[in-house]
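# Tertiary structure, described
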Amino acid sequence: MHPLRSKSQLSPNVTKLIVEAPRIAAVRRPGQFVIVRLDTEAERIPLTIADSDPETGTITLVVQAVGRSTRDLVALEVGHAVRDIAGPLGRPTELLEAGNAVCVGGGVGTAVVHPIAKALAAAGVTVTSVIGGRSREWVIYERELRAAGDVVVCTDDGSYGRKGFVTEALGELCEAGGIDVVYAVGPVPMMRACAEVTRPYGVHTIVSLNSIMVDGTGMCGGCRVSVDGASEYACIDGPEFDGHKVDFDVLADRLTTYRDFERGAAGADGDSCRSLAGAPR
Ligand code: NAD
Ligand code: FES
């Protein structure tokens, strides 16, 4: 059992949970995720570990409540417990050792890119983060990312920071030159667009794939993705892959596989009950 230590609202449907998981907090590395099950009947939800504190034995999970399972999870009261947390799972992020990195976070994906930016900064890499939200209230993790380096905030409606998608700001940084690697995490269209922005500049671009996951151990095949023409499992071969080699059409197609079932499970609102972690999302 994993008691919930604290809960806070980051944006209208994104909640930060800090839960006890001392063994995971002690060993997890940036880019890794956990699979959470609220109780014995609940769906398994993959969630990227946004942060951890080995001293207090806690991990931070950022959950976008989009369906029944994620809504149940964020409804948990402080002091009550999550039944199971399996992990850390997945390969840790391939971290640049020196130079200039750009970390791009779209919406809730900003929480996923945060541990990468934090680890890069700690290693002495110069980090610029480009983060985006639909409007001001959807921008998350800005303060935490400022601790790692410069931050460019973008909003779709221009209500905060610069107006436009993160890809526009990324394009300008690419044009200025000097970038060694880009880490991009967010909605599939955003990651695809980031990879297309960096491709002509030959900038290595790592994306975190949020494919559907069930067991998280390479057994079920649910998270299969196509990378450089080969089948890979996001849970054990990823979740991070070379964005220039990912077949985003296959990813987008597979993400819709259970849509009808999810609508049914979520109830009349037609909301998806699948977790956003994906790669954990
Ligand atoms: P959103 O749709 O509000 O978009 C957030 C930002 O991403 C936008 O403000 C914009 O800057 C950028 N963006 C979106 N579409 C773009 C496009 N076509 N081109 C360029 N930039 C674009 O994001 P949200 O609602 O917070 O995110 C939800 C999605 O993120 C879900 O689909 C979920 O599965 C995915 N997700 C992915 C991961 C992952 O690990 N890759 C993690 C969490 C969530
Ligand atoms: Fe089952 Fe990856 S989640 S193989």
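### A short note on the overall build of the protein
- From N to C terminus, the protein includes 9 helices and 16 strands.
- Structurally, the protein occupies a C-alpha span of about 50 × 40 × 35 Å along its principal axes.
- Split into buried and exposed, the 281 residues of the protein put 52% on the buried side.
- Within the protein, contacts between residues at least 6 apart in sequence are counted, and of these 65% link residues at least 24 apart.
- Carbon and sulfur atoms make up 49% of the accessible area of the protein, which totals about 12,100 Å².

### Points about the sheet that holds strand S12 (residues 181-185)
- The 7 strands are arranged S11-S10-S9-S8-S12-S13-S16 in an open sheet whose pairing can be described as mixed. The open sheet is flanked by strand S11 (162-163) and strand S16 (240-242), the only strands paired with a single partner.
- As paired strands, strand S9 (residues 126-133) and strand S10 (residues 149-155) are joined by 7 bridges and run parallel to one another. The partner of Ile131 across the bridge, within S10, is Val153.

### Quick look at the nonpolar core
- Residues Val104, Val182, Leu209 and Phe248 are the most contacted members of the largest nonpolar core, which totals 34 residues.
- Residue assignment for this core shows that the elements contributing at least two residues are strand S3 (33-37), strand S8 (100-106), helix H5 (166-176), S12, helix H6 (188-198), strand S14 (224-227), helix H7 (234-237) and helix H8 (248-255).
- At 5 residues, H6 tops the list of elements feeding residues into this core.
- Core analysis: the second largest hydrophobic core is formed by 27 residues, Val14, Val151, Val153 and Ile206 among them.

### What to know about the side chain of Ser135
- Inspection of the secondary structure puts Ser135 in the loop between S9 and helix H4 (142-146).
- Those residues in contact with Ser135 that lie beyond four places of it in its chain are Thr155, Asp157 and Ser159.

### Structural notes on the pairing of S9
- For S9, the tally of buried residues reaches 7 of 8 residues, placing the bulk of the element in the interior.
- Pairing geometry for S8 and S9, over 7 bridges, is parallel. Across the sheet, residue Gly106 finds its bridge partner in S9, namely Gly132.
- A crossover links S8 with its parallel partner S9, the connecting element being helix H3 (residues 109-122), and its sense is right-handed.

### Here's the deal with the packing of aromatic side chains
- Going through the model one piece at a time under the given rule, you end up with 0 aromatic pairs.
- Geometry around Trp138 places Arg134 over its ring, the cationic atom sitting 4.1 Å from the centre.
- Across from the ring centre of Tyr160, 4.0 Å away, lies the NZ or CZ of Arg136, which sits over that ring.

### Focus on H5
- All of the buried residues along H5 are Val166, Thr167, Ala169, Leu170, Gly171 and Cys174.
- Contact partners of the buried residues in H5: S8, S9, S10, S11, S12 and H6.

### Observations concerning the sheet that holds strand S6 (residues 81-82)
- With antiparallel pairing, the 7 strands of this open sheet are ordered in space as S6-S1-S2-S5-S4-S3-S7. Edge positions in the open sheet fall to S6 and strand S7 (84-89), since each of these has one partner strand only.
- Both S3 and S7 contribute to a ladder of 4 bridges, which runs antiparallel. Bridge pairing in S7 links Arg37 to Asp84.

### So, unusual backbone geometry
- Following Gly87, the chain continues to Pro88 via a peptide bond in cis, the omega torsion being 0°.
- Within the element layout of this structure, Pro88 appears in strand S7.
- Of note, the amide linkage connecting Gly238 to Pro239 takes the cis form, showing an omega dihedral of 15°.
- Residue placement: Pro239 occurs in the loop between H7 and S16.
- Even without being glycine, Tyr141 reaches a positive phi, approximately 60°.

### Examining the packing of H6 against H8
- Remark: H6 packs on H8, axes separated minimally by 11 Å, with the N-to-C direction vectors making an angle of 180°. With respect to H8, the element H6 is oriented roughly antiparallel. Contact with H6, carried on its side by Val188, Met191, Arg192 and Ala195, involves Phe248, Asp249, Leu251 and Leu255 of H8 and no other residues of that element.
- For the contact of H6 with H8, the residue count by class is 6 nonpolar, no polar and 2 charged.

### Here we look at the pattern of salt bridges
- Taken as a whole and assessed by the stated rule, the structure comprises 10 salt bridges.
- Residue Arg83 is joined to Asp84 by a salt bridge in which the shortest nitrogen-to-oxygen separation is 3.6 Å.
- Looking at Arg83, the relative accessible area reads 34%, which means it is partly exposed.
- A single network of salt bridges, built from pairs that share partners, joins Arg28, Asp51 and Lys118.

Cut-offs used in this document
Residues numbered from 1 in each chain as written. Chains lettered and ligands numbered in written order. Predicted model: local features only at pLDDT ≥ 70, side-chain atom pairs only at ≥ 80, totals over all residues. Heavy atoms only, no water. Helix = DSSP H or I, 4+ residues; strand = E, 2+ residues; numbered from the N terminus. Buried < 20%, exposed > 50% of the residue type's maximum accessible area, 1.4 Å probe, protein only. Contact = heavy atoms within 4.5 Å. Areas by Shrake-Rupley, 256 points an atom, 1.4 Å probe, with all protein chains shown as cover. Pairing = 2+ DSSP bridges. Core = buried A, V, L, I, M, F, W, Y, C linked by side-chain atoms within 4.5 Å. Right-handed = clockwise from strand over helix to strand, strands pointing away. Phe/Tyr/Trp six-rings, centres within 6.5 Å; stacked < 30°, edge-to-face > 60°. Lys NZ or Arg CZ within 6 Å of the ring centre and 35° of its normal. Axes fitted to C-alpha atoms, helices over the stretch in contact; angles between N-to-C directions. Parallel < 35°, antiparallel > 145°, perpendicular 65-115°, else oblique. Nonpolar A, V, L, I, M, F, W, Y, C, P; charged D, E, K, R; others polar. Salt bridge = Lys/Arg side-chain N within 4 Å of Asp/Glu carboxyl O.

Honestly, it's all geometry; don't read function into it.
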